[in-house]
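Listed below, chain by chain, are the residues.
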Amino acid sequence: MTVESTAARKPRRSAGGKAGATGTKRSTTGTKGTPRTTAGKPGGGEPELVQLLTPEGERVPNAEFDPYVAAVTDEELRGLYRDMVLTRRFDAEATALQRQGELGLWASLLGQEAAQIGSGRATRADDYVFPTYREHGVAWCRGVDPTNLLGMFRGVNNGGWDPNSNNFHLYTIVIGSQALHATGYAMGVAKDGADAAVLAYFGDGASSQGDVAEAFTFAAVYNAPVVFFCQNNQWAISEPTEKQTRVPLYQRAQGYGFPGVRVDGNDVLASLAVTKWALERARRGEGPTLVEAYTYRMGAHTTSDDPSRYRLDDERVAWEAKDPIARLRAYLESATDTGEGFFTELEEESEALGRRVREVVRAMPDPDRLAIFEHAYADGHALVDEERARFAAYQASFADAEEGNQR
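Procedures and definitions
- Residues numbered from 1 in each chain as written.
- Predicted model: local features only at pLDDT ≥ 70, side-chain atom pairs only at ≥ 80, totals over all residues.
- Heavy atoms only, no water.
- Helix = DSSP H or I, 4+ residues; strand = E, 2+ residues; numbered from the N terminus.
- Contact = heavy atoms within 4.5 Å.
- Areas by Shrake-Rupley, 256 points an atom, 1.4 Å probe, with all protein chains shown as cover.
- Buried < 20%, exposed > 50% of the residue type's maximum accessible area, 1.4 Å probe, protein only.
- Core = buried A, V, L, I, M, F, W, Y, C linked by side-chain atoms within 4.5 Å.
- Salt bridge = Lys/Arg side-chain N within 4 Å of Asp/Glu carboxyl O.
- Phe/Tyr/Trp six-rings, centres within 6.5 Å; stacked < 30°, edge-to-face > 60°.
- Lys NZ or Arg CZ within 6 Å of the ring centre and 35° of its normal.
- Expected span 1.5 Å × (residues − 1).
- Polar contact = N/O pair within 3.5 Å; in protein donor to acceptor, adjacent residues only side chain to side chain.
- Axes fitted to C-alpha atoms, helices over the stretch in contact; angles between N-to-C directions.
- Parallel < 35°, antiparallel > 145°, perpendicular 65-115°, else oblique.
- Left-handed = near helix turned anticlockwise from the far one by under 90°.
- Nonpolar A, V, L, I, M, F, W, Y, C, P; charged D, E, K, R; others polar.

Student: Honestly, the overall build of the protein chain in this entry has me stumped. Any pointers?
Tutor: Counting secondary structure elements, the protein chain contains twelve helices and nine strands. Within the protein chain, counting contacts between residues at least 6 apart in sequence, those at least 24 apart form 76% of the total. Total accessible area on the protein chain stands at roughly 18500 Å², and carbon and sulfur atoms take up 50% of it.

Student: Just to check I follow, could you spell out helix α9 (residues 313-320) for this structure?
Tutor: Given 3.6 residues per helical turn, the α-helix brings residues three or four places apart onto the same face. Among the residues making up α9, those that are buried are Glu315, Ala318, Trp319 and Glu320. Buried positions along α9 lie against β6 (235-236) and β9 (289-294).

Student: Is there a simple way to explain the nonpolar core in this structure?
Tutor: Among soluble globular proteins, nonpolar side chains are generally buried collectively. If you look at the biggest cluster of nonpolar residues, it comprises 65 residues, and the most contacted ones within it are Leu150 and Leu328. Among the elements that line this core, the one with the most residues is helix α8 (residues 268-283), at ten residues. When near neighbours in sequence (up to four residues on either side) are disregarded, Leu328 contacts Leu53, Leu77, Leu80, Tyr81, Met84 and Val268.

Student: For this particular structure, what's the right way to read the pattern of salt bridges?
Tutor: Two side chains with opposite charge may pair up if their charged atoms get near one another. Counted under the stated rule, the structure contains 28 salt bridges. A salt bridge links Asp323 to Arg88; its shortest N-O distance comes to 2.9 Å. Here the residue Asp323 occupies a position in the loop between α9 and α10 (324-335), and Arg88 occupies one in helix α1 (residues 74-99), the gap between them amounting to 235 residues. Asp323 gets classed as buried once you look at its relative accessible area, which sits at 5%. Its relative accessible area of 4% is what places Arg88 among the buried residues.

Student: When you look at the packing of aromatic side chains in this model, what are you seeing that I'm missing?
Tutor: The geometry of an aromatic ring pair is captured by the separation of the ring centres together with the interplanar angle, meaning the angle of the planes. Scanning the model with the defined rule gives 29 aromatic pairs in all. An angle of 40 degrees between the planes, with centres 6.2 Å apart, marks the rings of Phe65 and Tyr68 as tilted. On the basis of relative accessible area, Phe65 is assigned to the buried category, the value being 1%. The partly exposed category is assigned to Tyr68, whose relative accessible area is 21%. Considering the side-chain rings of Phe216 and Phe258, the 5.6 Å spacing of their centres and the 85 degrees angle between planes classify their relative orientation as edge-to-face. Taken together, the residues span a long stretch of sequence, with Phe216 in helix α7 (residues 210-221) and Phe258 in the loop between β7 (239-240) and β8 (260-264) at a distance of 42 residues. For the pair Phe216 and Phe258, one class covers both residues: buried. Members of the aromatic cluster, each reached through a chain of ring pairs, are Phe90, Trp106, Phe153, Trp161, Phe168 and Tyr171. When the ring centre of Trp319 is taken as reference, the NZ or CZ atom of Lys322 above it lies at 4.5 Å. The ring of Phe343 carries the charged tip of Arg329 above its face, separated from the ring centre by 3.8 Å.

Student: Whenever I open this one, α10 confuses me. Can you help?
Tutor: The first and last C-alpha atoms of α10 sit 16 Å apart over twelve residues, in line with the 16 Å expected at 1.5 Å per residue. Buried within α10 we find Pro324, Ile325, Ala326, Arg327, Leu328, Arg329, Tyr331 and Leu332. Where α10 is buried, its residues contact α1, α2 (113-120), β8, α8 and α11 (340-362). With a side-chain oxygen lying 2.9 Å from the backbone nitrogen of Ile325, the N-terminal cap of α10 falls on Asp323.

Student: Just checking my understanding: could you explain the packing of helix α6 (residues 177-192) against α7 for this structure?
Tutor: To characterise two packed helices, one gives the angle between the axes of the helices and the distance between these axes. Following both chains from N to C, one finds α6 and α7 inclined at 20 degrees, their axes separated by 7 Å at the closest point. Regarding the angle of α6 to α7, the classification is roughly parallel. Here α6 runs over α7; the crossing is left-handed. Here Ser177, Ala179, Leu180 and Thr183 of α6 come into contact with α7, specifically with Asp211, Val212, Glu214, Ala215, Phe218 and Ala219. Residues that form the contact of α6 with α7 fall into these classes: six nonpolar, two polar and two charged.

Student: Explanation requested: unusual backbone geometry in the structure shown.
Tutor: Negative phi characterises most residues that are not glycine, and trans characterises most peptide bonds. In the Ramachandran plot, Asn167 falls in the positive-phi region, its phi being about 50 degrees despite a non-glycine side chain. Assignment of secondary structure puts Asn167 in the loop between α5 (163-166) and α6. Since its relative accessible area comes to 18%, Asn167 is described here as buried. Backbone geometry at Gln234 places phi at a positive 80 degrees, although glycine is not the residue there. Position of Gln234 relative to the elements: it lies in the loop between β5 (226-232) and β6.

Here it is as structure tokens:
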């Protein structure tokens with residue numbers, strides 16, 4: 001399996017329409033140093049977005065956000081590329097494992113690597129991240145072993161890592177609720193007088209949830225140091241974005257009194273720069289920011305989904321031409337001294353990661369079936385004790401039946 005198996009190395013021309021033009025315009029500066037984007041009204045033109053690398057891998061100057069990536073070295077650029085490649089390889093292996101019956105479900109991030117790696121690498125160690133269930137790239141950036149992400153999807157635990165070890169919360173399955181958790185945590189950070197920031201991830205579908213609206217309200221009123229990072233991948237399962245909102249998602253922030261900005265979510269440099277800006281703003285006590293990373297979900301919503309039933313293949317093909325990995329590779333090859341040896345070694349590392357993921361998943365022990373009763377109440381409960389006994393007897397009946405069949 002090649003590291004760019006889904007990438008179109010030569011970008012193809014889009015047929016137009018909503019098939020995914022991200023544009024190349026640059027935002028201008030509004031009042032008080034806040035990026036200002038334009039258009040976006042029903043019937044109007046496409047809103048501007050922050051972009052530092054074009055789909056062809058050409059660098060775009062941007063006076064507002066260039067300072068946030070000015071110190072990025074060629075070696076660090078290669079590190080961003082490595083992050084995206086290995087995250088994609090891990091994601092592909094997890095998808096294959098689900099198809100082979102080793103996982104019950106999997107939510108792929110294919111196509112969203114730049115948004116996740118760019119924003120994830122913008123965080124500091126003392127920042128705290130609240131993910132959904134698709135932030136595998138962010139988990140990688142926070143130092144979570146990728147194999148730890150798979151226990152929940154295999155059904156052997158409720159989350160395979162200690163959130164406090166990496167300041168990375170457990171995956172949240174309830175849509176949008178983590179925005180409230182992040183806001184509350186950020187309010188606590190502010191009360192403690194710390195200069196850390198909180199980063200909350202959610203998708204375009206979750207932006208329609210009441211929990212997200214409530215989080216926006218509390219974050220604005222209490223000036224919480226939180227960055228809301230919305231990965232707009234165009235589809236909330238089978239519901240397109242235009243059926244969820246009449247304006248671009250980032251503009252919703254205006255109604256709550258804090259800034260919003262749209263970034264090219266397939267541009268890892270732009271995602272890094274915009275998230276750094278937003279996090280630094282939060283740490284300075286200037287309150288929340290909404291970042292809309294305009295990207296595309298290349299695969300299914302989860303492995304139980306069939307996207308061919310609700311979207312055209314031409315749309316996916318148009319977005320393949322904007323592949324985030326191919327984009328950065330083109331820049332590395334044209335603007336840095338990155339040689340072919342780097343890509344060859346990374347391919348070998350990628351395959352090694354895939355093998356390790358397969359081995360670890362297949363070796364995961366089955367959980368203790370009675371453990372689900374252990375922490376329902378702190379001091380125990382008669383009803384729970386009764387349910388535990390009944391369940392234990394039910395489980396034992398299978399062993400008794402098997403023993404009887406062997407006689």
